[in-house]
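Given next are the chains, with one letter for each unit.
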Amino acid sequence: MVPTRTIAASSTFSPANYTPTTKISVRSDNVIPLCMKSNTKPAFRGLLVKLVEAPVKNINDYIYRQNFTIRSFEIGSNQMATIGALLNHLQDSIANNVRAAGLLGDGFGATPEMTRRNLIWVVAKMQVLVDRYPAWGDVVQIDNWFADSSAKNGIANHWLLRDANTGETLAQANSVWIMMNKKTRKVSKFPEEVRGELAPITMDYCVSEDIKLSKLHDNTADFLQTGLTARWSDLDINHHVNFAKYIGWILENVPILKTHELFDLVLEFKRECREGDELKSLTTFVEHGGNAECEHMLQLENGSEVMRGRTKWRPNIMDNI
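Scoring rules and cut-offs
Residues numbered from 1 in each chain as written. Predicted model: local features only at pLDDT ≥ 70, side-chain atom pairs only at ≥ 80, totals over all residues. Heavy atoms only, no water. Helix = DSSP H or I, 4+ residues; strand = E, 2+ residues; numbered from the N terminus. Buried < 20%, exposed > 50% of the residue type's maximum accessible area, 1.4 Å probe, protein only. Contact = heavy atoms within 4.5 Å. Areas by Shrake-Rupley, 256 points an atom, 1.4 Å probe, with all protein chains shown as cover. Pairing = 2+ DSSP bridges. Salt bridge = Lys/Arg side-chain N within 4 Å of Asp/Glu carboxyl O. Core = buried A, V, L, I, M, F, W, Y, C linked by side-chain atoms within 4.5 Å. Expected span 1.5 Å × (residues − 1). Phe/Tyr/Trp six-rings, centres within 6.5 Å; stacked < 30°, edge-to-face > 60°. Axes fitted to C-alpha atoms, helices over the stretch in contact; angles between N-to-C directions. Parallel < 35°, antiparallel > 145°, perpendicular 65-115°, else oblique. Left-handed = near helix turned anticlockwise from the far one by under 90°. Nonpolar A, V, L, I, M, F, W, Y, C, P; charged D, E, K, R; others polar. pLDDT = per-residue confidence, 0-100.

**Some thoughts on the overall build of the protein chain**
Then step 1. Tallying secondary structure elements over the protein chain gives five helices and 13 strands in all.
Then step 2. Evaluated residue by residue, the protein chain yields a buried proportion of 54% over its 321 residues.
Then step 3. Sequence separation of at least 24 residues holds for 72% of the intrachain contacts in the protein chain that already meet a minimum separation of 6.
Then step 4. In the form shown here, the protein chain has an accessible surface area of approximately 14700 Å², with 49% of it arising from carbon and sulfur atoms.

Shown next, in the form of structure tokens:
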């Protein structure tokens, strides 16, 4: 059964009852901020506070809520869910959000008007902040909602992940999605007809994407891996590589993967990657006390950029138990 948009009464997203105790405890200085339209109060940095400031009559009308259970094959060697598993659930929640609103056409989250125009969604930017990874058998609650984006041809999507039993905030994520013509494989303008379809489930504020990621080069990268090939099994419903697969490629270059866990992930996609494409992965690595930060780039063998990224790491909690 597909979860519905009507959700149980909750104080977490009620502006009258909101308290800062639900804020994520491990935060980045470079959280993608939400910028309000000019008729609202000045915005604070951070997803949860700004959500409360948004001029929404009934916030529950915009939020799609879904529970999922962490399964055994989604657990990594640190006994916690992998970042790839979380990303896959986040992606599912978008399509289910559109479906629950009665707007699902063909493909991943495409509306009827998008289907008529041969348009598909592709992610342009994403940031994920993790406070705590869920374990095998944990039930996680995802809240998902749309908002405007400062990107002319894009729309923003946000997620809040909590422990379904305790209400503890586990992670939050922001993303910007744009449209591509699935026949020409070129980025498309955002049709007003599609905006009209999504208007009933889109909150009235915008996202400003101010994180700048650097371009890496072979002679400046600390780690370089070549020979990566996009295979048929890596493709998603839109016939290009699923963004969760990119994570696996860049993480293989992180030298502290076995001793640290990822808590801040930023991705910026430059072009799609399709079956048969050959890539290389470049990474820089800097330590900050017990933590570390990496910059990443995926590049086709011919030099074309596919993705830039940044990851931040902290010591693996399981190593301290």
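Here the narrative resumes, following the displayed structure.
**Regarding helix α5 (residues 243-251)**
Then step 1. With seven of nine residues buried, α5 lies mostly within the body of the structure.
Then step 2. Of all the positions in α5, only Phe243, Ala244, Tyr246, Ile247, Trp249, Ile250 and Leu251 are classed as buried.

**Re the pairing of strand β4 (residues 139-149)**
Then step 1. Taking burial as the measure, the 11 residues of β4 include nine buried ones, the bulk of the element.
Then step 2. Sheet analysis places β4 next to strand β5 (residues 154-163), joined by nine bridges and oriented antiparallel. Note that in β5 the partner of Asp143 across the bridge is Leu160.
Then step 3. Linking two consecutive strands that pair antiparallel, namely β4 and β5, is a turn of four residues.

**What to know about the pattern of salt bridges**
Then step 1. Taken as a whole and assessed by the stated rule, the structure comprises 15 salt bridges.
Then step 2. Glu193 is the partner of Arg117 in a salt bridge, and the nearest nitrogen-oxygen pair spans 3.1 Å. Of the two residues, Arg117 sits in the loop between α3 (112-116) and β3 (119-130) while Glu193 sits in helix α4 (residues 192-198), which places them 76 residues apart along the sequence.
Then step 3. Look at Glu193 and you get partly exposed, because its relative accessible area is 42%.
Then step 4. Residue Arg162 pairs with Asp143 through a salt bridge whose shortest N-O separation is 2.6 Å. You can see Arg162 sitting in strand β5 and its partner Asp143 sitting in strand β4, a full 19 residues away along the chain.

**Observations concerning the pairing of strand β11 (residues 278-288)**
Then step 1. As paired elements, strand β9 (residues 223-229) and β11 share five bridges and run antiparallel to each other. Each residue of the ladder has a partner; that of Leu228, found in β11, is Leu279.
Then step 2. Note: β11 against strand β12 (residues 291-300), 10 bridges, orientation antiparallel. Of the residues in β12, the one forming a bridge with Leu279 is Leu300.
Then step 3. Hairpin connection from β11 to β12: two residues lie between these consecutive antiparallel strands, with Gly289 at a positive phi of about 65 degrees.

**Overview of the nonpolar core**
Then step 1. If you look at the biggest cluster of nonpolar residues, it comprises 61 residues, and the most contacted ones within it are Ile83, Leu87, Trp159, Leu161, Tyr246, Trp249 and Leu298.
Then step 2. Once residues lying within four places of it in the same chain are set aside, the contact partners of Tyr246 are Val241, Phe269, Arg271, Glu272, Cys273, Leu298, Val306 and Met307.

**A closer look at helix α2 (residues 83-100)**
Then step 1. For α2, built from 18 residues, the straight-helix expectation of 26 Å at 1.5 Å per residue is met to within 8% by its first-to-last C-alpha distance of 26 Å.
Then step 2. Most of α2 is tucked away: 14 of the 18 residues are buried.
Then step 3. Gly102 sits one or two positions beyond α2 and adopts a positive phi of about 75 degrees.

**Describing the packing of aromatic side chains**
Then step 1. Per the counting criterion, the structure on display carries three aromatic pairs.
Then step 2. An angle of 65 degrees between the planes, with centres 5.9 Å apart, marks the rings of Trp121 and Phe190 as edge-to-face. With Trp121 in strand β3 and Phe190 in the loop between β7 (187-188) and α4, this pair connects stretches of sequence that are 69 residues apart. The burial state of Trp121 is the same as that of Phe190; both residues are buried.
Then step 3. Residues Tyr246 and Phe269 carry aromatic rings whose centres are separated by 5.4 Å and whose planes lie at 45 degrees to one another, so their mutual orientation is tilted. Linking Tyr246 in helix α5 with Phe269 in strand β10 (residues 260-269), this pair joins segments that are 23 residues apart in sequence.

**Side note on the packing of α2 against α5**
Then step 1. At their nearest, the axes of α2 and α5 sit 9 Å apart, and the two run at 165 degrees to each other. As far as their axial angle goes, α5 and α2 are roughly antiparallel. As for the relative orientation of α2 and α5, their crossing is right-handed in sense. Taking contact as the criterion, the partners of Ile83, Gly84, Leu87, Asn88 and Gln91 in α2 are, on α5, Phe243, Ala244, Ile247 and Leu251.
Then step 2. Along the lines of polarity and charge, the residues of the contact of α2 with α5 split into six nonpolar, three polar and no charged.

**A short note on the confidence of the model for the protein chain**
Then step 1. Confidence along the protein chain averages 78 in pLDDT terms, with 77% of residues attaining 70 or more.
Then step 2. Here strand β1 (residues 34-35) is the element of the protein chain with the lowest mean pLDDT, 34, and β12 is the one with the highest, 95.
Then step 3. Here residues 1-56 is a poorly scored stretch, pLDDT under 50, and it has 134 contacts once near neighbours within four places are set aside; other chains count.

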